[in-house]
Amino acid sequence: MWERTLQDLIRGLRANKNDESKFISQAMDEIRREIKSKDMELKAGAVMKLSYLDMLGYDMNWASFHIVEVMSSPKIHLKSVGYLGAVQSFHEDTDVLMLTTNLLKKDLNSAPADVAVTLNGVSSIMTADLARDLSPDLLRMLNHSRPH
């Protein structure tokens, strides 16, 4: 099966109304292969497709480690896809959430665009443990004289 974009997935869902479960099953198999790829663009595309399917009620919690990988991308457009996936799928009991502490600290001390994406994501995935670990960085940002 060839690599489909998010648009191809949506078109396929609309075209396969009668056999949607079979189409979703094939798409999920394809996404599982794509998300294990070393190519970060392909992996981010798989996370976007999973985010869309999550909005339709399909589970994407199995991909949490791969979402962290996309979050760690140095490219802002990929990083934002990773944070979107995290916002949609991470919960207080997500196993990899504690692995993100150092990544979040690094992103909070990066370029303003990275900080903006990180703050947006942190606002949805914050837990008590993350709050304890990130509060010094967040308080330092709140007390800083620069607006960025």
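A few points on the structure. Here, residues in each chain are numbered from 1, in the same order as that chain's written sequence. Thresholds applied to this predicted model are a pLDDT of at least 70 for local features of residues and 80 or more for the giving and counting of side-chain atom pairs; totals over whole chains, interfaces and linings are not thresholded and use all residues. Here the side-chain values reflect all heavy atoms present in the structure, with hydrogen atoms and water set aside.

**Re helix H8 (residues 128-142)**
Stage number 1. Take the seven residues that end at a residue and the seven that start at it, fit an axis to each, and the angle between those axes is the bend at that residue. Helix and strand definitions follow DSSP, with helices as H or I runs of at least four residues and strands as E runs of at least two, each counted in order from the N terminus. Leu134 marks the point of greatest bend in H8, at about 55°, and the proline Pro136 comes within the next four residues.
Stage number 2. For H8, the full list of buried residues reads Leu130, Leu134 and Asp137.
Stage number 3. Packing partners of the buried residues in H8 comprise helix H6 (101-108) and helix H7 (112-125). For the exposure calls, accessible area comes from a 1.4 Å probe over protein chains only, and a residue counts as buried if that area is under 20% of its type's maximum, exposed if over 50%, partly exposed in between. Whether two residues are in contact is decided by their heavy atoms: any pair within 4.5 Å suffices.

**Looking at the pattern of salt bridges**
Stage number 1. By definition, a salt bridge exists where a carboxyl oxygen of Asp or Glu is found within 4 Å of a side-chain nitrogen of Lys or Arg. Applying the stated criterion across every chain yields a total of eleven salt bridges.
Stage number 2. The partner of Glu34 in a salt bridge is Lys49, with the nearest N and O atoms 2.7 Å apart. In this pair, Glu34 is assigned in helix H2 (residues 20-35) and Lys49 in helix H3 (residues 40-55), connecting sequence segments 15 residues apart.
Stage number 3. Under the relative-accessibility criterion, Glu34 is labelled buried at 5%.
Stage number 4. Put simply, Asp137 and Arg140 hold a salt bridge, and the shortest N to O gap is 3.2 Å. One end of the pair is Asp137 and the other is Arg140, both in helix H8 and three residues apart, which spans about a single turn.
Stage number 5. Among the residues examined, Asp137 registers a relative accessible area of 11% and is labelled buried.
Stage number 6. Given a relative accessible area of 40%, Arg140 falls into the partly exposed group.
Stage number 7. Linked by salt bridges that have partners in common, Arg4, Glu30, Glu34 and Lys49 make up one network.

**Quick word on the environment of Glu41**
Stage number 1. Tracing the sequence through the fold places Glu41 in helix H3.
Stage number 2. Assessed through its relative accessible area of 39%, Glu41 is described here as partly exposed.
Stage number 3. As for Glu41 and Ser73, which are separated by 32 residues in sequence, their C-alpha atoms are 9.7 Å apart.
Stage number 4. Setting aside residues no more than four positions away along its own chain, Glu41 makes contact with Lys75, His77 and Leu78.
Stage number 5. Here a polar contact is recorded for every N or O atom pair within 3.5 Å, except that within protein the pair must consist of a potential hydrogen donor and a potential acceptor, and residues adjacent in sequence are included only if both atoms are side-chain atoms. Side chain to side chain, Glu41 and His77 meet in a polar contact 3.1 Å long.

**Quick look at the nonpolar core**
Stage number 1. Residues Leu50, Leu53, Ile67, Met71, Phe90 and Leu104 are the most contacted members of the largest nonpolar core, which totals 34 residues.
Stage number 2. When contributions to this core are tallied by element, the ones reaching two or more residues are helix H1 (6-15), H2, H3, helix H4 (64-71), helix H5 (76-89), H6, H7 and H8.
Stage number 3. Not counting chain neighbours up to four residues away, the residues in contact with Leu50 comprise Met28, Ile31, Ile35, Met60, Trp62 and Ala63. Working definition of a nonpolar core: buried Ala, Val, Leu, Ile, Met, Phe, Trp, Tyr and Cys residues. They are joined through side-chain atoms within 4.5 Å.

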